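Geometric and topological summary
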Amino acid sequence: MKTALYLTTFCIGFGTIFAQINPLMKGINIDEILRDFDRRNNIISCFLDETECDAITQNIKILIPSAIKTKCEKCPIPVKMYALKFITYLQKNDSENWSKFLAKYDSSGEDIKNFLEQVSKIRVRN
């Protein structure tokens, strides 16, 4: 019974965070963030527990483990696209932080690989 209650509470919380993030992300230009050294590094540092996070970035950080594990099945398409761009940027342009990101969120690399395969399918369809 307690497990069901915890699971229900987690799912409600998860949905609430997505409900808060999705409208806020509509005004975010991920390409602009990736070009802006300071903003990009603040976000990466937040995700890696190296610095404080702003409210939006903190909420996203909370979702990262579940999003990767579930291939972001519950994520709205714009969130999936932002994640794909962000991860692709790290892989191609910031190998040091990419290694740290993998170590923190998916040491085997399998879940991120599956996540990227799933999200890339959406990109091709759109």
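Now for a quick tour of the structure. (Residues numbered from 1 in each chain as written. Predicted model: local features only at pLDDT ≥ 70, side-chain atom pairs only at ≥ 80, totals over all residues. Heavy atoms only, no water.)

So, about the overall build of the protein. For the protein, the helix and strand inventory stands at seven helices and zero strands. Each helix and strand of the protein, placed in order from N terminus to C terminus, yields the pattern α-α-α-α-α-α-α. Expressed as a percentage of its 126 residues, the buried residues of the protein come to 38%. Residue pairs at least 24 apart in sequence account for 71% of intrachain contacts in the protein once pairs closer than 6 positions are excluded. Entry remark: accessible area of the protein is about 8000 Å², with carbon and sulfur atoms responsible for 55%. (Helix = DSSP H or I, 4+ residues; strand = E, 2+ residues; numbered from the N terminus. Buried < 20%, exposed > 50% of the residue type's maximum accessible area, 1.4 Å probe, protein only. Contact = heavy atoms within 4.5 Å. Areas by Shrake-Rupley, 256 points an atom, 1.4 Å probe, with all protein chains shown as cover.)

This part covers unusual backbone geometry. A positive phi is found at D49, a non-glycine position, where the angle reads about 60 degrees. In this fold, D49 is placed in the loop between α3 (37-47) and α4 (55-69). For D49, a relative accessible area of 46% corresponds to the partly exposed category. Here the phi dihedral of K71 falls at roughly 60 degrees; this positive angle occurs in a residue that is not glycine. The topology assignment puts K71 in the loop between α4 and α5 (77-93). You can call K71 partly exposed: its relative accessible area is 30%.

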